[in-house]
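# Residue-level structural notes
Each chain, written out:
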Amino acid sequence: MWLQGQRAALAVLPIIVLLWKKVAPIDVPLDPRIQQDLKQPPTIVKQSVKDYIVDPRDNIIIECEAKGNPVPMFWWRRNGKYFNAEKDPRVSMRKRSGTLEISFKSGGKPEEYEGEYQCFASNDLGTAVSNKILLRVSKSPLWPKEVLEPVVVSEGSPLILPCNPPPGLPPPNTFWMNSAMMPITQDSRVSMGLNGDLYFSNVLAKDASTDYSCNARFLFTHTIQQKNPFSLKVMTTRKIPENAPSFLSPSGLHSSKMVLRGEDLLLECIAAGVPTPNVKWFKNGGDLPERKVKFENYNKTLRIVSVSEEDLGDYVCMASNKIGSIRHSISVQVKAAPYWLNKPTNLVLAPGENGQLVCLASGNPKPSIEWLVNGEPIESSLPNPSRDVVGDAIIFRSVQISTSAVYQCNASNEHGYLLANAFVNILDMAPRLLGPKNQLIKVIENHQAFLDCPFFGSPYPDVRWFKNGHGIVLDGVKYRLHNNGTLEIKRARPEDQGTYTFVASNILGKAEDQVRLEVKEPTRIVRIPEHLSANRGSLARFDCRIKHDHTLPITVSWFKDDKPLGFGWMSKYKKDEDSMSIHNIHSDDEGTYTCTVTTELDQDSASARLTVLEDDSLSPSKPSAFADRPDPPEDLELSDLSARSVRLTWVPGNENNSPVTQFLVQYEENRWRPGEWQNLSSYAGDQNSVILQLSPFVNYQFRVIAINSVGQSRPSLPSTRYQTSGAPPDVAPSGLKGWGTRKTNMEISWQPLLDTQRNGPELRYVVSWRRKDHEEEWNNVTTTSTKHVVRDTETYVPYEIKIQAVNDFGRGPETNIVIGHSGEDKPSAAPADLRVSKIDSTKVNVHWVPVDPRNTHGEFKEYRLYYWREASLLKGLRVTKEKKTKGFYSDVSQSTGILTDLIPYSKYSMYMVIANSKLEGPHSKIVEFETKEGVPGAPKFFKIVQRNTDTIHLEWDKPLEPNGILIGYTLKYNTVNGTQVGSQQVQSFFPNETEYTIRLPDRFTRYKFYLSARTQVGSGEVYAEESPHFANEGKSTPSCLLIGRSKWTTHIHWNLVESISTSLSLSWFGKTTELRGAILLQA
């Protein structure tokens, strides 16, 4: 049979094989070379549901799809008898499928085809059977005609208005409405029961009405039918008499209820009384299942979702008011339709092998088990000497090719049935290889090697491996043969290199393949980069000498603080074969540099830190001309051993003409990060004996590095190991928080302890939580993860959360209590009565009625106002209706805010929503308002043109945003001569005037102009421009500039006088240095 290599990427189809009297799953590959020859009995892959209700307006489609090889043939039974689909012109069967299509285009009634259908799929190897599909046509019967007499009742009396909807298929949903199609308001006093009746715990005068109507909604036909309305007359009284509760539903003091496992249990208690009673629920002898229970219909209905056997028992509802109380006990029985404990699965055997099919089901009452073969009772099938039915199993012994079949297990009781198909396929096939031929496998020396040769065969093939023609001895020390045929070499060495031959054989033949193994030298950094301290502006150089297998291409990469470095021709970073250098270093270059070398098989990396010294005063003493790095410290010794500390003493090495300024102590531990040296602490260069502070449950060894102005020494030889004893954790996890990812959960998360904070083995976390402001016990869970999800919560409720770390030595400290929240849901209400006041040209006051905090269903974020400019109040001025938002953030009780940055003389629309930190609620009504006139914006452009020596001509256009009705323009100007300014002159213009000419007293007079537009409110933005110098003949100078301006752009215009130039230099600057630039324009 086929064995899959550990890394063979083959799509597979799970089936079952029996090996050595034991059933074990194998995978038959979907390889076309196997599938085209693999005979397989039919398997049902798609079928209609057991209880199949169809819409009478549609054609009927009864599904039945199956696979197998050969392709199955299909036939049907209807009501236990053969159904000949070919004889009925309305019925057709899809090609290569058993799906029936019943069409009513040419007439006929769907009711004629109601009944029980069962599909059979057959080929040469057996027959598979579908479930029995009960086909029924949906029905929406009319409400019976009836005359309802007016209902007369005294105020304070209880009342039941019956609904009694017509029995539809499926049953309709019921609800109560009035003649205006508005729902009847329901509360703790008035509500609809599970049977559809409308219950009044006590009738009030306001209940009097002529149109209480029960409605039935039929799902399939999407129709609503209305019962004739009740007319309710209430006889009022001066004082409504108070009375103790009594039950309207159910009647009496005791009742019983049966529910099936997996369904929802619905218990109801509706009480009468004045004042209106409150209803509470209890369970005798135990607590209500908190995670599964829901209270509905103002506590009158108890729902327990997905009932199981532990939910049976006596449930008590108590109705009470200030006059008294009453109880009703409901005995709940939990029954169960059959459910699988061990569903039979397909079995593939080789000739002569043994196997078994097991069918175990449970239920209440206990289901009976019936075996069928190819759709017929096994008792009436042909005798099969290799098969025995033993209780809930079928035992197969020494099977033969001819005994392939499909078996059905039917488990049934009074509440339902289960039907499972499982085929027994007797398969014989010579071994076949499925992987690539003549593979080349490369492995690093001293690493594991896996030689894979995926194959398939039946009976189970024998597997053998040879190296260079010689059989391999599978001693379990060097070689290991996996169950899937993969040969593992536990530690590959150069002498293991060579050609390996794989042979798989059974009685039908054999298959073989060869695998070439190459053992490569590991990649290592033999000269690692060392920590450097260098002056700003100098050169820093890190070594990285590599030794590797020269048949493997390598890639050397450098990183600074885990980010890759670039080595372009303009980069300050340069690298060669054995090093990397940084030119002209600055403070930004300080950090950790890592050299990483990678091949297709392995990689190695090493890191060092660069410290940039800003000036000579901060640098180590300058080395002499013959200075070098110090020699490594020697003779490391541990003493003064204690639980949390140890004394480390060493002998300094030769300083090599530069004093040692610092000793760096590093440690390595072999439990969490073995082989990795980490910095522990550093000490002044005149120390050689220090106390090291340690963590519990760590197996330490230490080494010391000396540092002088030239650089770091090589590390010393490691000290002896010292293992600290274990202890409970010293610290609690940090970052504890709780927040819902869904509306029905709360995810509690935290930061895990560091390895050196574990203090002992088997670290785990005890997470505790409970509802805030509820008197309840703490819930807790123990986990090794870094989060825990609390499920089935109510929406956005606060929880108290705490956590502590625990190991095998005990418990650590608890965190302080943190407040978390379960998940948020969409807010269910909108701000009401949205309106505006104090309307100005650019702002308005916005008012609204706040949303009840209970309807926020989450953490309040803001009242979010959406607004947009519908139009300008000036005819013909187009606007963009860009929707904008404004948030009001203070708290949920806020009821007013100011909306600013509006455009004057415009029509706006707006609406408001409330938003929590996740979702927005429904929006309020849309409100419109109009802003008042404001001062206008700047003119669209302003041209200053000096056409000759006698005059200056001015031109402009109306503003892009007039912000109101323009009433004219104001032009102010005065002469300028260096720093001297002449007297100001003012000129006014009508709104339709957009040009003006000024006569110059002489050619050298220059003016400064101030132009603005006006509305009724006042003058708008002012342009201030100077007239240009008059051009000499030898130059071509722009005579005027500026200049139209909008919010984001400025349009610059100029005229050249007697231009003889081919280019123009244009420069600009703002009133601050943030805006500055120049361009050269070529003619």
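The structure we're discussing is the one just above.
One structure accompanies this document, and this report is about it.

About the cut-offs
Residue positions are counted from 1 within each chain, in the order its sequence is given. This being a predicted model, a pLDDT of at least 70 is required before a residue's local features are given, and a value of 80 or more before pairs of side-chain atoms are given or counted; all residues contribute to the totals for chains, interfaces and linings. The side-chain values count all of the structure's non-hydrogen atoms but skip hydrogen atoms and water molecules. When the sulfur atoms of two cysteines come within 2.5 Å, that pair is taken as a disulfide. The way it works is that DSSP assigns letters per residue, a run of H or I at least four long becomes a helix, a run of E at least two long becomes a strand, and they are numbered from the N terminus. Three labels apply to residues, based on accessible area from a 1.4 Å probe with only protein chains included: buried if under 20% of the type maximum, exposed if over 50%, partly exposed otherwise in between. Note on contacts: a residue pair is in contact if any heavy atoms of the two residues lie within 4.5 Å. Grouping buried Ala, Val, Leu, Ile, Met, Phe, Trp, Tyr and Cys residues that are joined through side-chain atoms within 4.5 Å yields what is termed a nonpolar core. Residues enter a patch when their relative accessible area is above 30% and they make no salt bridge; the linking distance is 9 Å between like charges and 5 Å between nonpolar side chains (Val, Leu, Ile, Met, Phe, Trp, Tyr). In this description, accessible areas are obtained by the Shrake-Rupley approach with a 1.4 Å probe, and a residue is regarded as covered only by the protein chains that are shown. When a carboxyl oxygen of Asp or Glu is within 4 Å of a side-chain nitrogen of Lys or Arg, the pair counts as a salt bridge. Charge counting follows a simple rule: Lys and Arg are positive, Asp and Glu are negative, and His as well as the terminal groups are ignored. Taken as the charge centre is NZ of Lys, CZ of Arg, CG of Asp or CD of Glu, depending on the residue. Pairing of aromatic rings covers Phe, Tyr and Trp, the last through its six-membered ring, and needs centres within 6.5 Å; plane angles under 30 degrees mean stacked, over 60 mean edge-to-face, and all others mean tilted. Distance and angle both matter: a charge sits over a ring if NZ of Lys or CZ of Arg is within 6 Å of the ring centre and within 35 degrees of the ring normal. Strands are treated as partners if at least two bridges between them are detected by DSSP. Axis definition: a line fitted to C-alpha atoms, over the contacting stretch in the case of helices. Angles run 0 to 180 degrees between N-to-C directions. We define a polar contact as two N or O atoms separated by no more than 3.5 Å, with the added condition that, inside protein, one atom must be a possible hydrogen donor and the other a possible acceptor, whereas residues neighbouring each other in sequence contribute only through side-chain atom pairs.

By the definition in use, this model includes 5 disulfides. Between the sulfur of Cys 269 and that of Cys 317 lies a disulfide, 1.8 Å long from S to S. Taking the torsion about the S-S bond as the criterion, the Cys 269 to Cys 317 disulfide, at about -65°, is left-handed. Of this pair, Cys 269 sits in the loop between β24 (265–268) and β25 (270–274) while Cys 317 sits in strand β29 (residues 313–320); the two residues are 48 residues apart in sequence, bridging distant segments of the chain. You'll find Cys 269 and Cys 317 in the same group, each marked buried. The connectivity of the disulfides in the protein chain is 1-2, 3-4, 5-6, 7-8, 9-10, where the numbers refer to bonded cysteines in sequence order.

Our focus in this paragraph is the side chain of Thr 931. Relative to the assigned elements, Thr 931 resides in the loop between β81 (927–930) and β82 (942–945). Looking at Thr 931, the relative accessible area reads 3%, which means it is buried. Look past the residues within four positions of Thr 931 in its chain and what remains in contact with it is Ile 839, Asp 840, Ser 841, Leu 873, Leu 902, Ile 903, Pro 904, Tyr 905, Ser 906 and Tyr 908.

We now examine the nonpolar core. In terms of nonpolar packing, the biggest core is built from 32 residues, with Ile 62, Trp 76 and Leu 135 touching the most fellow members. Broken down by secondary-structure element, the contributors of at least two residues to this core are β4 (51–54), β5 (60–62), β6 (64–69), β7 (73–78), β10 (100–102), β11 (115–123) and β13 (133–137). The residues touching Ile 62, leaving out its near neighbours within four places in the chain, are Ser 48, Tyr 52, Trp 76, Gly 98, Thr 99, Leu 100, Tyr 117, Ile 133 and Leu 135. Counting residues in each nonpolar core, the second largest holds 21 residues, with Val 443, Leu 451, Phe 455 and Leu 487 among its members.

On the surface, a cluster of negative charge is contributed by Asp 628, Asp 631, Glu 634, Asp 635 and Glu 637. By the secondary structure assignment, Asp 631 is in the loop between β59 (603–613) and β60 (634–639). Assessed through its relative accessible area of 33%, Asp 631 is described here as partly exposed.

All right, on to the packing of aromatic side chains then. What the rule picks out here adds up to 31 aromatic pairs. Between Arg 671 and the ring centre of Phe 697, over which it is positioned, the NZ or CZ distance is 3.9 Å. A cation over a ring is seen here: Lys 943 above Phe 941, with NZ or CZ 5.2 Å from the ring centre.

A few words now on the pairing of β29. Of all the 8 residues making up β29, 6 are buried; the element is thus mostly covered by neighbouring parts of the structure. The pairing of β29 with strand β30 (residues 325–342) spans 8 bridges and is classified as antiparallel. Opposite Met 318, over in β30, you have Arg 327 as the bridge partner. Between β29 and β30, which pair antiparallel in sequence order, lie 4 residues.

Taken together, the 3 strands give an open sheet; going across it, the order is β52-β57-β56, and neighbouring strands pair in antiparallel fashion. For this open sheet the edge positions go to β52 (540–543) and β56 (573–575), each flanked by a neighbour on one side alone. The sheet shows a mean angle of 20° between the axes of neighbouring strands, taken without regard to direction. Pairing between β56 and strand β57 (residues 579–582): 3 bridges, direction antiparallel. Each residue of the ladder has a partner; that of Lys 575, found in β57, is Met 580.

Residue Pro 70 follows Asn 69 across a cis peptide bond; omega there is 5°. Across the junction of Asn 364 and Pro 365, the peptide omega takes the value 0°, indicating a cis bond. Along the chain, the position of Pro 365 falls in the loop between β33 (360–364) and β34 (368–373). Positive phi, close to 65°, is recorded for Asn 657, a residue that is not glycine. When its relative accessible area of 52% is taken as the criterion, Asn 657 is described as exposed. Located in the positive-phi region is Tyr 796, a residue other than glycine, with phi close to 45°.

Here 4 bridges tie strand β67 (residues 734–739) to strand β68 (residues 745–751), and the two strands are oriented antiparallel to one another. In the sheet register, Gly 738 faces β68, and the bridge partner there is Ile 748. Two successive antiparallel strands, β67 and β68, enclose a turn made up of 5 residues.

A few words now on the environment of Gln 186. With respect to the helices and strands, the residue Gln 186 is situated in the loop between β16 (173–177) and β17 (190–192). For Gln 186, a relative accessible area of 25% puts it in the partly exposed group. Considered as a pair, Gln 186 and Ser 906 are 720 residues apart in the sequence and their alpha carbons are 46 Å apart.

Attention now moves to the pattern of salt bridges. Applying the stated criterion across every chain, the model contains 45 salt bridges. Taking the shortest distance from any N to any O, the salt bridge between Arg 644 and Asp 730 comes out at 2.9 Å. Of this pair, Arg 644 sits in the loop between β60 and β61 (645–651) while Asp 730 sits in the loop between β66 (722–723) and β67, and the two are 86 residues apart along the sequence. Three or more residues are tied together by salt bridges with common partners; here these are Asp 264, Glu 296 and Arg 303.

Right, let's get into the side chain of Arg 1014. Looking at the element boundaries, Arg 1014 is found in strand β88 (residues 1006–1014). Buried charged residue Arg 1014 carries no salt bridge. Nearest counter-charge: Glu 993, at 8.6 Å. Looking at Arg 1014, its side chain comes within polar contact range of the main-chain oxygen of Tyr 969, at 2.8 Å. Not counting residues within four places of it along the chain, the set of residues in contact with Arg 1014 comprises Pro 936, Ile 965, Leu 966, Ile 967, Gly 968, Tyr 969, Thr 970, Ser 988, Phe 989 and Ser 1019.

On to the sheet that holds strand β76 (residues 844–849), then. The 3 strands lie next to each other as β75-β76-β79, forming an open sheet whose pairing is antiparallel. What marks the edges here is a single partner per strand, and that holds for β75 (832–837) and β79 (896–899). Across this sheet, the average inter-strand angle for adjacent strands is 25°, counted without regard to direction. The pairing of β76 with β79 spans 4 bridges and is classified as antiparallel. Residue pairing across strands places Asn 845 opposite Ile 898, the latter belonging to β79.

Moving on: the environment of Val 358. Mapping Val 358 onto the fold places it in strand β32 (residues 355–358). Given a relative accessible area of 23%, Val 358 falls into the partly exposed group. Here the alpha-carbon distance between Val 358 and Ala 393, two residues 35 residues apart in the chain, equals 4.4 Å. Not counting residues within four places of it along the chain, the set of residues in contact with Val 358 comprises Asn 342, Lys 343, Pro 344, Asp 392 and Ala 393.

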